[in-house]
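Listed below, chain by chain, are the residues.
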Amino acid sequence: MDHSHDAPASLKRDAMLPYGQQWLDDADIEAVVNVLRGDFITQGPSILAFEQKVADYAGTTYAVAFTNGTAALHGACFAANIGPGDEVITTPLTFIASSNCVLYQGGTPVFVDVDPHTYNIDPDHIEQHINEKTRAIIGVDFTGQPIQADRIKQLADTHNLVFIEDAAHSLGAEYKGIKIGKWAHMTMFSFHPVKHVTSGEGGIIVTDDEHYYRKLLHFRNHGMTRDPAELQRNDGPWYYEMQSLGYNYRMTDLQAALGASQMDKLDSFIERRRAIVEQYNHELAGLEGVVLPYQAPEAHSSWHLYVIRWEPEYFSVSRRELFEQFRAMNIGVNVHYIPVYLQPYYQEKGYRQGLCPVAEHYYDTCITLPLFPKMTDEDVKDVCNIVRSVYEQNRINR
Ligand SMILES: *Cc1c(COP(=O)(O)O)cnc(C)c1O
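Residues numbered from 1 in each chain as written. Predicted model: local features only at pLDDT ≥ 70, side-chain atom pairs only at ≥ 80, totals over all residues. Heavy atoms only, no water.

Going by what an unreviewed UniProt entry lists, the protein is known as UDP-4-amino-4, 6-dideoxy-N-acetyl-beta-L-altrosamine transaminase and is assigned to Paenibacillus hunanensis. Entered under Sequence similarities (unreviewed entry) in the UniProt record, the comment concerning the protein runs "Belongs to the DegT/DnrJ/EryC1 family." (UniProt positions renumbered as here; feature names shortened; annotations may be inferred.)

Time to look at the packing of aromatic side chains. Evaluation of the coordinates by the stated rule reveals 24 aromatic pairs. Ring plane angle 85 degrees and centroid distance 5.7 Å describe the contact between F142 and Y362, whose orientation is recorded as edge-to-face. With F142 in the loop between β4 (134–140) and α5 (149–159) and Y362 in helix α11 (residues 357–365), this pair connects stretches of sequence that are 220 residues apart. Given the relative accessible area of 1%, F142 is considered buried. With centroids separated by 4.7 Å and ring planes inclined at 35 degrees, the aromatic side chains of Y280 and Y306 adopt a geometry described as tilted. Within this pair, whereas Y280 is found in helix α8 (residues 266–283), its partner Y306 is found in strand β14 (residues 306–310), the two being separated by 26 residues in sequence. Overall, Y306 belongs to the buried group, its relative accessible area being 0%. Linked through ring pairs, F66, F78, F219, Y247 and Y249 together constitute an aromatic cluster. Its guanidinium or amino end placed over the ring of Y57, K179 lies 4.3 Å from that ring's centre, counting from NZ or CZ. (Phe/Tyr/Trp six-rings, centres within 6.5 Å; stacked < 30°, edge-to-face > 60°. Helix = DSSP H or I, 4+ residues; strand = E, 2+ residues; numbered from the N terminus. Buried < 20%, exposed > 50% of the residue type's maximum accessible area, 1.4 Å probe, protein only. Lys NZ or Arg CZ within 6 Å of the ring centre and 35° of its normal.)

The subject of this paragraph is the layout of surface pockets. A water-sized probe rolled over the atoms picks out the places where empty space is left. Taken as a whole, the largest pocket spans an internal volume of roughly 500 Å³. Only α2 (45–58), β1 (62–66), α6 (210–219) and β10 (224–225) provide two or more residues apiece to the lining of the largest pocket. A per-class count over the lining of the largest pocket returns nine nonpolar, five polar and seven charged. In this structure, the second largest pocket encloses a volume near 340 Å³. Along the wall of the second largest pocket there are 24 residues; nearest its centre are T70, F95, S190, H192 and K195. Broken down by secondary-structure element, the contributors of at least two residues to the lining of the second largest pocket are α3 (69–79), α4 (97–104) and β8 (186–190). When residues in the lining of the second largest pocket are grouped by element, the largest group, three residues, is from α3. (1 Å grid on protein atoms, 1.4 Å probe; cavity = no way out; pocket = protein on both sides within 12 Å on 5 of 7 lines; lining within 4 Å. Points joined across faces, edges and corners; volume = space filled by probe spheres on them. Nonpolar A, V, L, I, M, F, W, Y, C, P; charged D, E, K, R; others polar.)

Below, the discussion takes up the sheet that holds β14. Pairing is antiparallel in the open sheet, where three strands are placed in the order β12-β14-β15. One side of each edge strand has no neighbouring strand; the edge strands of this open sheet are β12 (290–291) and β15 (366–369). Sheet topology note: the β14/β15 ladder contains four bridges and is antiparallel. Bridging across to β15, V307 finds its partner in T368. Packing against the sheet, helix α9 (residues 319–328) makes contact with β14 and β15, and its axis sits at approximately 15 degrees to β15. α11 contacts β14 and β15 of the sheet and is inclined by roughly 90 degrees relative to β14. (Pairing = 2+ DSSP bridges. Contact = heavy atoms within 4.5 Å. Axes fitted to C-alpha atoms, helices over the stretch in contact; angles between N-to-C directions.)

What follows is the structure, given as C-alpha cells:
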C-alpha cells in the first residue's frame, strides 16, 4: 500500500482508541462481590431489583431481564406470537440480531429502506409492505436517535400489529419528550459493554402489557410456570408445568447486580456522551464532503454511535483506505452496519443487493468515530485532528 497520503505520524496515538468501551468503578465491583459472598448467584433477588430499576427508569410497569439483548428480542418475537408464515417489518441498518430474532421464530423479516438523514426506518415506506401476513414491526433507534415512534405506533394500531422497539442504542433517549420504553408494546435494551451501561452480557424487555410480561417470564425459563393461578392441575407444592417451549435465557444475579449499579451512572454517562458529540460537531463542522450526524428536532438521542459519512466524489481514495488510515493512526474507527440482508445467510434466503438503496449507499460511505463516556477531551481532540488530517490528505482539490 502507498502510504504517501497517510496523515503525519506525529498525530499517531500510542495505543488504539476503541470505538466504545465500558466504564466500571469500585461501586460496580463491590456490587458484584457482594453477590458472590451471598446466597444466590442466580435466580436470586438481584434480578428483580435490576428489573425494577430499569422499569422505573423507562417509566414502564414491567421489565424482564435476559441473558443478552438478542435473547430478549427472541422473547419479544415469541410473546408477539410470531411463527412460520408471518412477516415482520424491520430495518436493514442494524445489528443482525434485530432480524435474526424473527428467523428464530420461523418468521420472515421484510426490510424497509431508511431515511437518508436519520438512517432510521422510513415510516413513509412501511405501509406499502404491510399485507395479511404482516404480524409486527421491529424499529431500531439507530445510533441512539429514536425512530418516529408515534407514526410507527399509529401504523401498528391501524393494522393490528405488534410494535417492538430495538432500543439497544437508545437507553435514556427521548422522542417528543417521552422516554424510550413507553412508545412500543415491547422495548429491548442491551447491556453489552459497548452500550450505555453494562452487565457484561445482558438484555431486558420493558412493557406495560401484563400478557406480554407473563409470556416473557415463561419464555426465559423453559416455558415453565409455578404460579397456581396458571396451572392446569396441581399435584402439590413441588409441581410446575411446562406450557410452551421456552429456553434457559436467565440472567445471573452477578450480571443483574452489575447492571443495577451501572444504572446509577446512566444519566451522567449520557451527559458525557452528549458533551463529546457537541465537541465533535463543533470541531468537524464545515468539512465539505463529510456528512455529520443529523438530528431530528423531536428526537433527543442518547448517542450510542457517532457516524460520519464521506461522500465518495470528494475523495481520491476509497472508504476502505480512509478507514485503514484511521486504524494506522490507532483510531479504532468502525463500520456500523453492513445491511443485514447482504449477509451470505440472508442472500441464500433470496434477499438481493439493491433492495434498500439508501441503506446500501450509507454502508458504502460511513465511518464510526470513537464515542464512550470515559474518553477524555484530549482523546476527542486527537480524533478530530486525525479526521482533519485524513480529510486534507485525501480530498480532491476542485
Ligand atoms: C447490541 C445490539 C443488539 C444485541 O444485543 P446483545 O446484548 O449484544 O445480544 C441488538 N440490536 C442492536 C441494534 C444492537 O446494537
